[in-house]
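The chain contents come next:
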Amino acid sequence: TAYENKKERIIHEGNDQITLLNSKLSSYRETTQKEKLIKSREMRDEMKSIEDEYEKEKKNHQLTQMLNQFDNELNKQIIRTNKDILIKKKEMHKRLLELDHAHLKEINEWRLKKVLYEYEKKQDFAKIDLNFNHNLSASELMQKSEELTFANSKEILLQEHNLELLPLEFQLIFLICQQLRI
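Below is a short write-up of the structure. (Residues numbered from 1 in each chain as written. Predicted model: local features only at pLDDT ≥ 70, side-chain atom pairs only at ≥ 80, totals over all residues. Heavy atoms only, no water.)

Take the overall build of the chain next. Along the chain, the regular secondary structure elements total two helices and zero strands. By the compact-globule yardstick of 16 Å for 182 residues, the chain is too spread out, its C-alpha radius of gyration being 55 Å. In terms of overall dimensions, the chain has a C-alpha envelope of 190 × 20 × 15 Å along the principal axes. For the chain, long-range pairs separated by at least 24 residues make up 76% of all intrachain contacts whose partners lie at least 6 apart in sequence. Of the roughly 15800 Å² of accessible surface on the chain, a fraction of 58% belongs to carbon and sulfur atoms. Computed over 32 positive and 33 negative side-chain charges, the separation of the two mean positions in the chain equals 8 Å. (Helix = DSSP H or I, 4+ residues; strand = E, 2+ residues; numbered from the N terminus. Rg over C-alpha atoms; globule rule 2.2 N^0.38 Å. Contact = heavy atoms within 4.5 Å. Areas by Shrake-Rupley, 256 points an atom, 1.4 Å probe, with all protein chains shown as cover. Lys, Arg positive; Asp, Glu negative; His and termini not counted. Charge placed at Lys NZ, Arg CZ, Asp CG, Glu CD.)

If charged atoms from side chains of opposite charge come close, those side chains can pair. Scanning all chains against the criterion turns up six salt bridges. When the shortest N-O distance is used, the salt bridge between Arg95 and Glu13 registers 3.1 Å. Placement of the pair is Arg95 in helix H2 (residues 53–181) and Glu13 in helix H1 (residues 2–49), with a sequence separation of 82 residues. Lys36 serves as the salt-bridge partner of Asp71, at 2.5 Å between the closest nitrogen and oxygen. With Asp71 in helix H2 and Lys36 in helix H1, this pair connects stretches of sequence that are 35 residues apart. Ionic contacts of the salt-bridge type, sharing partners, join the residues Arg9, Glu13 and Arg95 into one network. (Salt bridge = Lys/Arg side-chain N within 4 Å of Asp/Glu carboxyl O.)

Here we come to the nonpolar core. Across soluble globular proteins, you tend to see nonpolar side chains buried next to one another. Counting six residues, the largest nonpolar core is built from Met43, Met47, Leu63, Met66, Leu67 and Phe70. Going through the elements one at a time, H1 and H2 are the ones with two or more residues in this core. Within the second largest apolar cluster, five residues are counted, among which are Tyr3, Ile10, Met92 and Leu99. (Core = buried A, V, L, I, M, F, W, Y, C linked by side-chain atoms within 4.5 Å. Buried < 20%, exposed > 50% of the residue type's maximum accessible area, 1.4 Å probe, protein only.)

Looking now at the packing of H1 against H2. Where H1 contacts H2, the axes come no closer than 10 Å and their chain directions differ by 180°. With respect to each other, H1 and H2 are oriented roughly antiparallel. In terms of residue class, the contact of H1 with H2 is built from 19 nonpolar, eleven polar and 18 charged. (Axes fitted to C-alpha atoms, helices over the stretch in contact; angles between N-to-C directions. Parallel < 35°, antiparallel > 145°, perpendicular 65-115°, else oblique. Nonpolar A, V, L, I, M, F, W, Y, C, P; charged D, E, K, R; others polar.)

Turning next to H1. The end-to-end C-alpha distance of H1 is 70 Å, a good match for the 70 Å that 48 residues give at a rise of 1.5 Å each. Residues of H1 that are buried sit in contact with H2. (Expected span 1.5 Å × (residues − 1).)

Another point: H2. For H2, with 129 residues, the first-to-last C-alpha span of 186 Å sits near the 192 Å given by 1.5 Å per residue. Along H2, the sharpest kink reaches roughly 35°, centred on Leu166 and followed within four residues by the proline Pro167. Tucked inside the fold, the buried residues of H2 contact H1. (Bend = angle between axes of the 7 residues up to and from the residue.)

Our focus in this paragraph is a nonpolar patch on the surface. A cluster of nonpolar residues, Phe170, Phe174 and Leu175, forms a patch on the protein surface that exposes about 350 Å² of accessible area. Along the chain, Phe174 falls in helix H2. (Patch = residues over 30% accessible without salt bridge, like charges linked within 9 Å, V, L, I, M, F, W, Y side chains within 5 Å.)

As structure tokens, this is what we get:
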């Protein structure tokens, strides 16, 4: 994933920076050791030619101070490098933490959107279902109303028809009655 790739890239860059610092320290250490060795040989060669013990002791003391100074400078460089490495590690961890934070934020926003979309979908389905049931009920009521209107109209027509037939029936009954009397 993109998140994993970014994470690997941050770790790789951080490790490269730390490796570079360690390489510089190793190079400095080697250079210091070479200088130390050269200076030490030079001073020891000088000491061989000195016959006075006091001067030899003085030269030996200078050699010791010089060697200590090389060691002190090397120790200072080691401390600076360790501080720089610690800073690089902190920067790398900070970048990773920011990446994780952004990733978690993205995941949570996606989850929230998913929940909201699901809720909206349920609401839309409920609205459609409600509209369908409402329309179905309205249609059933309209059908029932039309059936009752039709039945009522039919009954009215039947009654009107019967009413129109009543004078004829009366005449027919009257005629039948007259025929029977005869």
